[in-house]
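Here is how the chains run, residue by residue.
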Amino acid sequence: MKRPDFIELFARHRGDIPTITGPGLMTRELFAVTGDGDTVLYNMEMPYATPMCMGLAMARPQQRIVALEGDGSLIMALGVLTTIARYHPENLTLIVLDNESYSTFGADMVSATATGVDLAAVARGCGIEKVVTVTTLDQAEQVMGPALKEPGPWVIVAKVDSQSEPDPRFVRNSPDVTEQSLDFSRMLRRSNGQ
Ligand SMILES: Cc1ncc(C[n+]2csc(CCOP(=O)(O)OP(=O)(O)O)c2C)c(N)n1
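About the cut-offs
- Residues numbered from 1 in each chain as written.
- Predicted model: local features only at pLDDT ≥ 70, side-chain atom pairs only at ≥ 80, totals over all residues.
- Heavy atoms only, no water.
- Helix = DSSP H or I, 4+ residues; strand = E, 2+ residues; numbered from the N terminus.
- Areas by Shrake-Rupley, 256 points an atom, 1.4 Å probe, with all protein chains shown as cover.
- Lys, Arg positive; Asp, Glu negative; His and termini not counted.
- Charge placed at Lys NZ, Arg CZ, Asp CG, Glu CD.
- Core = buried A, V, L, I, M, F, W, Y, C linked by side-chain atoms within 4.5 Å.
- Buried < 20%, exposed > 50% of the residue type's maximum accessible area, 1.4 Å probe, protein only.
- Contact = heavy atoms within 4.5 Å.
- Pairing = 2+ DSSP bridges.
- Axes fitted to C-alpha atoms, helices over the stretch in contact; angles between N-to-C directions.
- Near = heavy atom within 4 Å.
- Polar contact = N/O pair within 3.5 Å; in protein donor to acceptor, adjacent residues only side chain to side chain.
- Nonpolar A, V, L, I, M, F, W, Y, C, P; charged D, E, K, R; others polar.

**A few points about the overall build of the protein chain**
Helix and strand content of the protein chain: eight helices and six strands. Listed N to C, the secondary structure of the protein chain is α-β-α-β-α-β-α-α-β-α-β-α-β-α in terms of helices and strands. In terms of overall dimensions, the protein chain has a C-alpha envelope of 45 × 40 × 30 Å along the principal axes. Of the accessible surface of the protein chain, which amounts to about 8700 Å², a share of 52% is contributed by carbon and sulfur atoms. Averaging the locations of the 17 positively and 24 negatively charged side chains of the protein chain gives two centres separated by 6 Å.

In structure tokens form, the structure reads like this:
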């Protein structure tokens, strides 16, 4: 599965669900398809997207929150899976783009998932029940609806190609983090957890 295709699929299902992404090319790809809205906070450093979403989901139990994270970034904060299992925020969806590498810095920079670590098994082992691995767009299409609507917490591990060149369809640069952070925090205040 190509990461940009998966990201387009996710963007189509997402609507305006507040989303925080990890760093790297995924940010540019989602920014290119989602645009300049205030509902995505892009490009958080490794490994902050998931812990930030965990806190946000607990603070706003009525609102679905999505973390979009690379495998390398999640591995840097693997303990967050134990916290998700422990506090069980039903409104949290974690989507891991597992390309078995730190691909933004080179497809040959392999991560531990290239040498056998199964992040879905780790999540299950921590006690998270709704964990799905998808390897094709058809599988992703089937699970994305429930994973963004039904009570979780959900962990979707999307096995994607390790692509370290920007896709020619996605020509925008990364958004400005300061501007985006202000827009995102204003959006949260306005939406008041609904
Ligand atoms: C704390 C920290 N160290 C290093 C970086 C530089 N960096 C940006 S993207 C990236 C690779 C991230 O790998 P992964 O999360 O697997 O995403 P991928 O690039 O494969 O999409 C690195 C090392 C960073 N953003 N934050």
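Further notes follow.
**Observations concerning the nonpolar core**
Grouped together as the largest cluster of nonpolar side chains are 28 residues, with contacts concentrated most on Ile 20, Leu 94, Ile 128 and Val 155. Only helix 3 (49–59), strand 3 (65–70), helix 5 (80–87), strand 4 (92–98), helix 6 (119–126), strand 6 (154–159) and helix 8 (177–191) provide two or more residues apiece to this core. Examining the composition of this core, we find that five residues originate from one element, helix 3, more than from any other. Ignoring anything within four residues of it in the chain, the contact list for Val 155 reads Leu 94, Val 96, Ala 123, Ile 128, Lys 130, Val 131 and Val 132. Counting residues in each nonpolar core, the second largest holds 26 residues, with Phe 6, Ile 7, Phe 31 and Tyr 42 among its members.

**Here we look at the sheet that holds strand 5 (residues 130–134)**
Taken in spatial order, the six strands make up an open sheet running 2-1-3-4-6-5, and their pairing is parallel. Two strands lie at the open edges of the sheet, namely strand 2 (40–41) and strand 5, each paired on one side alone. Where strand 5 and strand 6 come together, five bridges link them in parallel fashion. The residue of strand 6 that forms the bridge with Val 134 is Ala 158. Contacts from helix 1 (residues 3–14) reach strand 1 (19–21), strand 2, strand 3, strand 4, strand 5 and strand 6, with the element oriented near 165° to strand 4.

**Description of the site of the ligand**
In the vicinity of the ligand lie 15 residues, with Glu 45, Gly 72, Ser 73, Ser 103 and Thr 104 positioned nearest. Side-chain polar atom of Ser 73 to an oxygen atom of the ligand: 2.7 Å apart, as the coordinates give it. Within the backbone of Ser 101, an N or O atom sits 2.9 Å from an oxygen atom of the ligand. In isolation the ligand offers 590 Å² of accessible surface; the protein chains occlude 78% of this area. Tallying contributions element by element places helix 4 (residues 71–76) first for the shell around the ligand, with three residues. Among the residues making up the shell around the ligand, the classes are represented as four nonpolar, eight polar and three charged.

**Details of the environment of Ala 85**
Mapped onto the elements, Ala 85 comes out in helix 5. For the pair Ala 85 and Pro 153, spaced 68 residues apart in the sequence, the C-alpha separation amounts to 7.9 Å. Apart from residues lying up to four places away in sequence, Ala 85 is in contact with Cys 126, Gly 127 and Ile 128.

**Brief notes about unusual backbone geometry**
In this structure, Pro 47 follows Met 46 across a cis peptide bond, with omega equal to -5°. Following Gly 152, the chain continues to Pro 153 via a peptide bond in cis, the omega torsion being 5°. Within the secondary structure layout, Pro 153 lies in the loop between helix 7 (137–149) and strand 6. At His 88, a residue that is not glycine, the phi angle is positive and equals roughly 55°. Along the chain, His 88 turns up in the loop between helix 5 and strand 4. One non-glycine residue with positive phi stands out, namely Glu 100, at about 60°. Tracing the backbone shows Glu 100 in the loop between strand 4 and helix 6. Residue classification places Glu 100 among the partly exposed residues on the basis of a relative accessible area of 29%.

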